[in-house]
Protein chains: 2
Amino acid sequence: MDQLITHIRKFIVLDDAEAAIVISFFKNENFKKKSLLLHEGSLCSTQYFVLKGCLRLYIINEKGNEQTLQFAIENWWITDYMSLQTQRPTHFYIQAVENSEVLAIDTDHLEKLLVRLPKMERYFRLILQKSFAAYQMRIKYLYTQSAEERYHFFNNLQPEFVQRIPQYMLASYLDFSAEFMSKIRAGKV
Amino acid sequence: MDQLITHIRKFIVLDDAEAAIVISFFKNENFKKKSLLLHEGSLCSTQYFVLKGCLRLYIINEKGNEQTLQFAIENWWITDYMSLQTQRPTHFYIQAVENSEVLAIDTDHLEKLLVRLPKMERYFRLILQKSFAAYQMRIKYLYTQSAEERYHFFNNLQPEFVQRIPQYMLASYLDFSAEFMSKIRAGKV
DNA sequence: CGCGACGTTGATTTGCCTCAACGATTGTGG
DNA sequence: CCACAATCGTTGAGGCAAATCAACGTCGCG
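A few points on the structure. (Residues numbered from 1 in each chain as written. Chains lettered and ligands numbered in written order. Predicted model: local features only at pLDDT ≥ 70, side-chain atom pairs only at ≥ 80, totals over all residues. Heavy atoms only, no water.)

**With respect to the sheet that holds strand S3 (residues 46–52) of chain B**
Strand pairs in the sheet, formed through backbone hydrogen bonds, run parallel or antiparallel to each other. All names here are of chain B. Across the sheet, which stays open at both edges, the 4 strands sit in the order S1-S8-S3-S6 with antiparallel pairing between neighbours. Unpaired on one side and paired on the other, strand S1 (27–31) and strand S6 (77–78) mark the two borders of the sheet. As paired strands, S3 and strand S8 (residues 100–106) are joined by 6 bridges and run antiparallel to one another. Note on S8: the bridge partner recorded for Gln47 is Ile105. Against the sheet, helix H4 (residues 107–116) makes contact with S3 and S8, and its axis sits at roughly 70 degrees relative to S8, the strand it touches most. (Pairing = 2+ DSSP bridges. Helix = DSSP H or I, 4+ residues; strand = E, 2+ residues; numbered from the N terminus. Contact = heavy atoms within 4.5 Å. Axes fitted to C-alpha atoms, helices over the stretch in contact; angles between N-to-C directions.)

**Thoughts on the side chain of Thr68 of chain A**
Summarising the element assignment, Thr68 of chain A is placed in strand S5 (residues 66–72). For Thr68 of chain A, a relative accessible area of 0% gives the class buried. Of the polar contacts made by the side chain of Thr68 of chain A, one reaches the side chain of Arg56 of chain A; its length is 2.8 Å. Residue contacts for Thr68 of chain A: discarding those within four places in its chain leaves Arg56, Leu57, Tyr58, Arg138, Met169, Ser172 and Tyr173 of chain A together with Tyr143 of chain B. (Buried < 20%, exposed > 50% of the residue type's maximum accessible area, 1.4 Å probe, protein only. Polar contact = N/O pair within 3.5 Å; in protein donor to acceptor, adjacent residues only side chain to side chain.)

**So, the pattern of salt bridges**
Charged atoms that come close allow side chains of opposite charge to pair. By the definition in use, this model includes 20 salt bridges over all chains. The shortest N-O distance in the salt bridge between Asp16 of chain A and Arg9 of chain A comes to 3.0 Å. Owing to a relative accessible area of 37%, Arg9 of chain A belongs among the partly exposed residues under this scheme. Here the residues in one salt-bridge network are Glu111 and Glu121 of chain A together with Arg122 and Arg125 of chain B, joined through shared partners. (Salt bridge = Lys/Arg side-chain N within 4 Å of Asp/Glu carboxyl O.)

**Here's the deal with the packing of aromatic side chains**
All names here are of chain B. Applying the stated criterion to the full structure yields 31 aromatic pairs over all chains. A centroid spacing of 6.4 Å and a plane angle of 90 degrees characterise the contact between Phe31 and Tyr48, whose relative ring orientation is edge-to-face. Separated by 17 residues along the polypeptide, Phe31 in strand S1 and Tyr48 in strand S3 bring together distant segments of the chain. For Phe31, a relative accessible area of 17% translates into the label buried. Ring geometry for Phe154 versus Phe161: centroids 6.2 Å apart, planes at 65 degrees, classification edge-to-face. Residue class for Phe154 comes out buried when judged on its relative accessible area of 11%. (Phe/Tyr/Trp six-rings, centres within 6.5 Å; stacked < 30°, edge-to-face > 60°.)

**Section: the interface of chain B and chain A**
Frequently, the measure chosen for interface size is the accessible area removed from exposure when the parts meet. Each partner contributes to the interface: chain B provides 41 residues, whereas chain A provides 41 residues. For the pair chain B and chain A, the summed buried area comes to about 3,900 Å², and 61% of that belongs to carbon and sulfur atoms. For chain B, the biggest contributors to the area lost against chain A are Arg125, Gln136 and Tyr143 of chain B; these three give 19% of the whole. At the junction of chain B and chain A, the tally comes to 8 salt bridges. Glu121 of chain A serves as the salt-bridge partner of Arg122 of chain B, at 2.7 Å between the closest nitrogen and oxygen. Broken down by secondary-structure element, the contributors of at least two residues to the side of chain B that touches chain A are strand S4 (55–60), strand S5 (66–72), helix H3 (81–86), H4, helix H5 (119–144) and helix H8 (167–173) of chain B. Of the residues forming the side of chain B that touches chain A, the biggest block, 20 residues, is contributed by H5 of chain B. Along the lines of polarity and charge, the residues of the side of chain B that touches chain A split into 20 nonpolar, 12 polar and 9 charged. (Buried area = accessible area lost by both parts, 1.4 Å probe. Nonpolar A, V, L, I, M, F, W, Y, C, P; charged D, E, K, R; others polar.)

**As for the environment of Glu111 of chain B**
Considering the arrangement of structural elements, one finds Glu111 of chain B in helix H4. Distance in space between the C-alpha atoms of Glu111 of chain B and Glu121 of chain B is 9.8 Å, their sequence separation being 10 residues. Those residues in contact with Glu111 of chain B that lie beyond four places of it in its chain are Arg122 and Arg125 of chain A.

**Remarks on the protein's contact with DNA strand D**
Every one of the 18 residues lining DNA strand D counts as a neighbour, but Gln167 and Ser182 of chain A together with Lys63, Ala147 and Phe176 of chain B are closest to it. Taken together, the sugar and phosphate atoms account for 67% of what DNA strand D places within 4 Å of the protein. A distance of 2.9 Å separates a phosphate oxygen of DNA strand D from a polar backbone atom of Gln167 of chain A. Take Tyr168 of chain A: an N or O atom from its side chain is 3.3 Å from a phosphate oxygen of DNA strand D. (Near = heavy atom within 4 Å.)

**Observations concerning the protein's contact with DNA strand C**
Lining the immediate environment of DNA strand C, one finds 17 residues, of which Lys63, Ala147, Phe176 and Ser177 of chain A together with Ser182 of chain B sit closest. Expressed as a percentage, the sugar and phosphate content of the atoms of DNA strand C within 4 Å of the protein is 67%. For DNA strand C, a phosphate oxygen lies 3.3 Å from a polar atom in the side chain of Tyr168 of chain B. With respect to DNA strand C, the side chain of Lys183 of chain B contributes an N or O atom lying 3.2 Å from a base nitrogen. Elements that contribute at least two residues to the surface near DNA strand C include exactly helix H9 (178–185) of chain A together with H8 and helix H9 (178–185) of chain B. Considering only residue class, the surface near DNA strand C consists of 6 nonpolar, 4 polar and 7 charged.

Below you can see the structure in the form of C-alpha cells.
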C-alpha cells in the first residue's frame, strides 16, 4: 500500500497519520488475467490504482471486435469517467491484461476521503491534469502520424511495455488492424 | 466576470467575498478573430476561460496544413497542458476563431489563488474530470465511427456551433479533409 | 473592384482493412 | 504427459474509404 502513498507524495505533502487515513479508504483487490472489472451495461462507480500488473479499458465495436482505448500499468489510475459522473450504464469494459493487484475506491468512499482530507483534491487534480496533457499529445499523434509511425513511436517510447502485451491489443490501441501490425513488423509495408 | 463565478458555483460553494478574491486573480482580455494567443516554440503559462467567442487549439503538420485538436466556446477552458506542466516549448497554436473575450490566469497566479482558496482545487479537479470523460468518449468515437458518421454525429450534437465555424476547421477537428467534408454534405459519398 | 479566403467537384491514388488460410505457441483436461 | 484446442501471429489477394491533386465557383471585405 506504500506504493500509493509514495505516488501521492510526488504531488502533495502527506504526514504518516494522513497516509494511514488515505489507506483506510482503499480496498486491496486481485484480478486474474482476462477477468473483467467492468462490463458494458453496468454502472461504473469505482476508480482503480494499479499496484502490479496491467489493466485495459476497451469497447466491443459493431463488428464484434475489441478496441483498446487505454492501458493502465503500475502507478496509473483507470476508470470510466463518463459513467462515473453521469451514473449511466457504461459502454466500456475494463479487464486485467495480466494477473493484477489494484487498490479500489468507490465514488462515495472517495467523496468521504476528500471531505476528511481536502488536500487530496489537489492530488487528484494534478493526476487528471497530467492525464489530460497526455491526451492532448495522443490526439496530436493520432492526427499526424501514419499507422507505421505510430507503431515505431510507441515502441520507442515504451519498449518494455510492448513486450508485456499481445500485439493485437497494441494494434487496436494504436488504431489499426492486427494484420497490418504484422506487416509493419515484418517490414512489408 | 460573473460568468466565471456562475460557472464555478455549479461545482463548489463560493460566497461573495470568495468570489471577489477569485476574480481579482484573473485578467480580462479581448482577441480579434484570427489572432494568436499561443504559437509554436513559445512557452505556455496561461489558462484561458472563454467568456464570449471561440478559441481553438491546433497544430501545423509536416505538409503545412492546420489540424484543429480542440475548440473552446463560452464557459470552456483551454490551454496546452503539456507545455504548462513541463515548461517546455509548445508544438501548438491557440487562436481566436471569432472575436473573443476571455479570462486569463498565469500558472503562478493560479498557484497563489489555490493557496489562498484551497477549495478551488476541487473546482479545477471537477472541470478536468469532466474534460477527461469527454476525451474518453471522443477516442471511442474516433475509433469506431467512419468520417461520415463522425460528421453527422457532431452535427447532431452541436448544430448551432457547426454554423459558427468554417467547414475546413471542423473537418480537421473530425480528422478528415475539407474536400471530403464537401462530399459528405453534398451526399456524394 | 479585385483579391484572398472558403467551398465544391471529379479523377486518380493510396493506406489500410477485410477475408481466408495457414504456422506457432500456449494451456488444459483426460 | 500427451493430444487437442484455443489463442496468437503471419501472409497474400483483393477491395474500399478517404486522401490528394487540380481546377473552378463564390462570397465577403479592404
